[in-house]
Amino acid sequence: MSQRGEVEHLNDIVAKYPEVPRLIILKTDVQRRGVFYTDASLSVLDEKKHSITGTHIFGTRDGKIAPRPESLLLRDGTSIITTPTAIEDNPYVLDLLDGQPFLFDGGEPIEEVDYWPAPAFYGKLTRSGILMQKIVSARPQRLVINPHRYCTFWKNGNGCTFCDIVAQIKKGKKDLQVQSRPKAEEIAEIVAEALKEPGRYSAVFLTSGSVINGTEPFDEEIDIYIEVFQELGKLFRTKKFPSQIIGTAYSEAQLERLYRQTGLMSYTADIEVLNEDLFNIHCPGKAEWIGYKEWKRRLVKAVDIFGRGFVNTGLVAGIELTSPHGFKTEDEALKKTLEEAEDLASQGVSTVYIVWSPRPDTVIGNQKNASLDYYIRLAKGLHELRVTYKLPIMFDDYRHCGNHPDTDLSRLLPF
Amino acid sequence: MPLTFQPIIRELLDDTGTSRIVATTNEDGSPYAVTSPFLHLNHDGFFVHLELLETSITNRNLLRNLWFDRKAAIHLTGKDGRSFLVKGVPVKAIISGPVFSEYYNKVQQALGDSDLSTVWLIKPVEIINETYSERKIEEESQYPFSVHLDRLVN
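Presented here is an overview of the structure given in this document.

### Details of the overall build of chain A
And step 1. Each helix and strand counted, chain A has 13 helices and 14 strands in total.
And step 2. Taken over the C-alpha trace, chain A has a radius of gyration of 20 Å; the compact-globule value for 415 residues is 22 Å, and the two agree within 12%.
And step 3. Each principal axis of the C-alpha atoms in chain A carries an extent, and together these give about 60 × 50 × 45 Å.
And step 4. Within chain A, buried positions represent 61% of all 415 residues.
And step 5. Restricting to contacts in chain A with at least 6 residues of sequence separation, those with at least 24 account for 72%.
And step 6. Carbon and sulfur atoms form 52% of the exposed surface of chain A, whose accessible area is close to 15,900 Å².

Laid out in structure tokens, this is it:
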């Protein structure tokens with residue numbers, strides 16, 4: 001397709017779905033195709049003012065570790081967390097227009113953007129001399145903590161097919177001096193410093209790789225989160241505080257322990273793909289230790305503990321279409337995915353998605369993700385489920401995560 | 001660059017006694033109007049509305065206006081009765097960064113323990129003079145049949 005055709009394609013989708021905001025369609029497309037940063041756009045990147053890539057748990061499409069903007073911000077407050085992509089892969093181009101960072105496609109200016117503002121605590125050192133952003137990073141309104149980076153599903157080669165978490169850890173240690181298991185007290189020290197910046201954060205978010213160890217599998221993973229949360233809890237005057245983890249699908253006993261012993265308010269366990277056969281193929285570790293049906297059952301049980309509107313699951317949307325085992329058409333994939341999502345929504349579990357970004361150090365990194373049309377229909381479908389079943393999603397929305405086109409639409413939800 | 005303002009608009013906004021209202025349209029087309037006590041013009045000529053509540057109807061309406069390029073209305077009335085309606089388009093929603101932080105601090109200084117959801121920048125596109133005394137003169141000169149006869153009796 002010609003470069004001009006790519007611009008028309010965006011406008012075609014905008015015209016086809018007039019009820020979906022153009023800015024959300026654009027965000028989705030930029031995530032789908034990636035972005036290439038020109039030298040000019042990087043010349044205005046200032047580590048004192050802007051958030052620069054560093055501690056991200058996953059890698060990039062161009063496979064490089066280099067200072068680039070952590071994310072882009074559209075003028076409606078929507079984030080575009082996107083991955084730097086080689087120019088030969090036909091991404092959007094980030095350049096300057098009259099000194100302003102601007103997205104271009106096929107040489108045509110598309111939309112102005114800003115870079116995420118740098119938190120005030122970036123550049124500061126902990127008491128033990130570690131750069132704070134190596135342990136805690138930030139989104140526009142959320143603190144991000146990775147208390148344990150390694151995923152033990154990879155020990156017997158059963159990591160997820162779309163994931164490069166282990167490859168990135170190895171790169172991170174060497175190139176970024178990122179800590180794979182920071183101390184809970186040090187994490188709390190950094191969060192305390194971060195909270196001195198008024199109005200900057202409205203949630204704390206933790207995620208790590210899965211840890212199968214323990215009397216019951218994943219007990220040690222729970223222990224890690226509890227240790228960190230209990231240190232964080234000392235910072236707040238309320239027992240509970242706005243917070244989220246993305247963890248493995250825990251048993252009821254583990255969920256109860258996590259909920260009762262910490263200030264945690266919301267829980268996510270990513271099922272990645274809403275089809276049992278594809279789950280077994282793409283998430284062999286999750287399938288080996290928990291299984292698809294049990295994963296879903298545990299999500300539903302989590303609603304009894306965390307409450308309706310505080311539990312969700314995430315998809316890596318697009319992997320359900322990869323060959324050789326995926327759905328043969330986008331229509332079929334959409335229908336089946338939304339059927340499963342509705343089953344969960346009817347029981348109080350929301351489903352959100354990220355646009356799959358094929359990355360070089362992953363098993364399926366050489367395949368293409370889905371069409372823009374598919375991603376917009378999926379966003380609409382998941383949003384409409386939340387409307388139908390009256391499921392709020394504030395803990396995982398544009399302000400707190402910023403990585404889900406479907407929850408960007410939830411800004412208009414009246415509940 | 002947005003509309004060039006008559007000095008009167010800036011005078012009204014500089015006076016703390018001026019009433020400031022932001023009016024938007026709900027999803028069903030019905031109107032929705034709220035006071036905007038912090039409303040002012042920034043140095044680039046955009047109206048700044050500080051939305052304190054993330055879940056407010058006005059916040060959703062302004063977002064819808066930005067997304068779908070629709071207008072909101074700002075109404076200013078001074079203590080002396082001078083009154084203007086400004087139609088504008090929300091063009092930016094700031095939720096983070098130095099501009100947001102500055103306003104967040106101002107809100108807390110003004111209101112105590114309070115929060116700020118979004119700093120809205122509204123680009124003015126049309127100004128309508130609604131000052132009664134001036135509109136009355138205009139109407140009577142252009143539309144003599146709008147005047148009641150008892151007012152014309154010797």
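Having seen the structure, we can now continue with the description.
### Some remarks on the environment of Ser-30 of chain B
All names here are of chain B.
And step 1. Relative to the helices and strands, Ser-30 is located in the loop between β1 (19–25) and β2 (31–35).
And step 2. Once you skip the residues sitting within four places of it in the chain, Ser-30 turns out to touch Thr-24 and Thr-25.
And step 3. A polar side-chain atom of Ser-30 sits 2.5 Å from a polar atom in the side chain of Asp-28.

### Quick notes on the interface of chain A and chain B
And step 1. Each partner contributes residues to the interface: chain A has 27 residues there, and chain B has 20 residues.
And step 2. Across the chain A/chain B interface, buried area totals approximately 2,000 Å², and carbon plus sulfur atoms make up 59% of it.
And step 3. Joining chain A to chain B, the criterion identifies two salt bridges.
And step 4. Residues Arg-399 of chain A and Glu-54 of chain B are paired through a salt bridge, measuring 2.7 Å at the closest nitrogen-oxygen approach.

### Focus: the pairing of strand β5 (residues 72–77) of chain B
Residues and elements named next belong to chain B.
And step 1. One ladder, built from five bridges, connects β1 with β5; its direction is antiparallel. Directly across from Ile-21, in β5, lies its bridge partner His-75.
And step 2. Alignment of β5 against strand β6 (residues 83–94), held across six bridges, turns out to be antiparallel. Considered in β6, the bridge of Ala-72 is made with Gly-88.

### Some remarks on the sheet that holds strand β6 (residues 108–112) of chain A
Residue and element names in this part refer to chain A.
And step 1. Reading across the sheet, the four strands line up as β1-β4-β5-β6 and stay open at both edges, with mixed pairing between neighbours. At either end of the open sheet lies a strand with only one pairing partner, and these are β1 (35–37) and β6. Pairs of neighbouring strands in the sheet enclose a mean axial angle of 40 degrees, with direction left out of account.
And step 2. In the sheet, β1 pairs with strand β4 (residues 92–97) via three bridges, with the strands oriented parallel. Pairing of Phe-36 across the sheet is with Val-93, part of β4.
And step 3. Sheet strands in contact with helix α2 (residues 22–33) are β1, β4, β5 (100–105) and β6, and its direction is about 110 degrees off that of β6.

### Quick look at unusual backbone geometry
All names here are of chain A.
And step 1. Omega for the peptide link from Ser-323 to Pro-324 comes to 0 degrees, which places this bond in the cis form.
And step 2. For Asn-90, which is not a glycine, the phi torsion comes out positive at approximately 60 degrees.
And step 3. With respect to the element layout, Asn-90 can be found in the loop between β3 (79–80) and β4.
And step 4. By relative accessible area, which is 24% here, Asn-90 ends up partly exposed.
And step 5. In this structure, Glu-272 is a non-glycine residue whose phi angle is positive, near 70 degrees.

Definitions and limits used
Residues numbered from 1 in each chain as written. Chains lettered and ligands numbered in written order. Predicted model: local features only at pLDDT ≥ 70, side-chain atom pairs only at ≥ 80, totals over all residues. Heavy atoms only, no water. Helix = DSSP H or I, 4+ residues; strand = E, 2+ residues; numbered from the N terminus. Rg over C-alpha atoms; globule rule 2.2 N^0.38 Å. Buried < 20%, exposed > 50% of the residue type's maximum accessible area, 1.4 Å probe, protein only. Contact = heavy atoms within 4.5 Å. Areas by Shrake-Rupley, 256 points an atom, 1.4 Å probe, with all protein chains shown as cover. Polar contact = N/O pair within 3.5 Å; in protein donor to acceptor, adjacent residues only side chain to side chain. Buried area = accessible area lost by both parts, 1.4 Å probe. Salt bridge = Lys/Arg side-chain N within 4 Å of Asp/Glu carboxyl O. Pairing = 2+ DSSP bridges. Axes fitted to C-alpha atoms, helices over the stretch in contact; angles between N-to-C directions.

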